[in-house]
Amino acid sequence: MPRFLKPSKVVVILNGRYAGKKAVIVKNVDEGSKERGYGHAIVAGVERYPLKITKNMGKKRVAKRSKVKPFIKIVNYNHMMPTRYGLELESLKSAVTLDSFKEPSQREEAKKAIKKLFEERYNSGKNKWFFTKLRF
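Residues numbered from 1 in each chain as written. Predicted model: local features only at pLDDT ≥ 70, side-chain atom pairs only at ≥ 80, totals over all residues. Heavy atoms only, no water.

- With an unreviewed UniProt entry as reference, the chain is termed 60S ribosomal protein L27, source organism Linnemannia elongata AG-77.
- In its Sequence similarities (unreviewed entry) section, UniProt records this for the chain: "Belongs to the eukaryotic ribosomal protein eL27 family." (UniProt positions renumbered as here; feature names shortened; annotations may be inferred.)

Given below as structure tokens:
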């Protein structure tokens, strides 16, 4: 069976608190591990998407509406659906590791790093589809 859930692949989370949210695979574990006996992946996604911006809004309002709230999570392969899109972020791999999930403070640090990367990406105008809410 070909491996299609690779790092930097954009997926849609199907179950749980973040159902319907887009995320990008940071690291995948096909065979499972000692504590998780199933195939899973570490994902970083968008919990709260940026709001719409119009041309007559001021800089302060644009800055406020351009904020992104990220999440990091370990997700079972059965609970995510791959998309045709990819999101290339090399620095994302260093920001999120398995150690990030051991301590809440490390998790917060990882989220802050991801937030910065995502907002940078959004403001540069790249990967527009990733930063839009799913409409269904």
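The rest of the description comes next.
Quick notes on the pattern of salt bridges
Part 1: Applying the stated rule across the entire model yields three salt bridges.
Part 2: Measuring nitrogen to oxygen at the nearest pair gives 3.7 Å for the salt bridge that ties Lys 69 to Glu 47. Here the residue Lys 69 occupies a position in strand E4 (residues 69–76), and Glu 47 occupies one in strand E3 (residues 40–48), the gap between them amounting to 22 residues.
Part 3: The exposure class of Lys 69 is partly exposed, given its relative accessible area of 33%.
Part 4: Salt-bridge contacts for Glu 119 lead to Lys 115; the nearest nitrogen and oxygen are separated by 3.5 Å. Of the two residues, Glu 119 and Lys 115 are both situated in helix H3 (residues 104–124); the distance of four residues between them amounts to about one turn of the helix.
Part 5: Under the relative-accessibility criterion, Lys 115 is labelled partly exposed at 29%. (Salt bridge = Lys/Arg side-chain N within 4 Å of Asp/Glu carboxyl O. Helix = DSSP H or I, 4+ residues; strand = E, 2+ residues; numbered from the N terminus. Buried < 20%, exposed > 50% of the residue type's maximum accessible area, 1.4 Å probe, protein only.)

Concerning unusual backbone geometry
Part 1: Phi at Ser 8 takes a positive value of approximately 75 degrees, unusual for a residue other than glycine.
Part 2: Judged by relative accessible area, which is 13%, Ser 8 ranks as buried.

Comments concerning empty space enclosed by the protein
Part 1: Here the structure, examined in full by the defined rule, presents one cavity of 30 Å³ or more.
Part 2: Roughly 40 Å³ of internal volume is contained in the largest cavity.
Part 3: Taken together, Ser 8, Val 24, Ile 25, Val 26, Leu 87, Leu 89, Leu 92 and Lys 93 make up the lining of the largest cavity.
Part 4: Contributing elements (two or more residues each) for the lining of the largest cavity: strand E2 (22–29) and helix H2 (90–95).
Part 5: Its residues assigned to classes, the lining of the largest cavity comprises six nonpolar, one polar and one charged. (1 Å grid on protein atoms, 1.4 Å probe; cavity = no way out; pocket = protein on both sides within 12 Å on 5 of 7 lines; lining within 4 Å. Points joined across faces, edges and corners; volume = space filled by probe spheres on them. Nonpolar A, V, L, I, M, F, W, Y, C, P; charged D, E, K, R; others polar.)

A short note on the sheet that holds strand E1 (residues 9–13)
Part 1: Strand order in the open sheet formed by five strands is E4-E3-E2-E1-E5, and the pairing between neighbours is antiparallel. At either margin of the open sheet sits one strand with a lone partner, and together these are E4 and strand E5 (80–86). In this sheet, neighbouring strand axes are inclined to one another by 35 degrees on average, regardless of whether the strands run parallel or antiparallel.
Part 2: Of the pairings in the sheet, the one linking E1 to E2 comprises three bridges and is antiparallel in character. Paired with Val 11 across the bridge in E2 is Ala 23.
Part 3: This element, H3, spans E2, E3 and E4 of the sheet and lies at about 115 degrees to E4. (Pairing = 2+ DSSP bridges. Axes fitted to C-alpha atoms, helices over the stretch in contact; angles between N-to-C directions. Contact = heavy atoms within 4.5 Å.)

Focus on the nonpolar core
Part 1: Grouped together as the largest cluster of nonpolar side chains are 22 residues, with contacts concentrated most on Ala 44, Leu 92, Val 96 and Phe 118.
Part 2: Within the residue set of this core, elements represented by two or more residues are E2, E3, E4, H2 and H3.
Part 3: Examining the composition of this core, we find that four residues originate from one element, H3, more than from any other. (Core = buried A, V, L, I, M, F, W, Y, C linked by side-chain atoms within 4.5 Å.)

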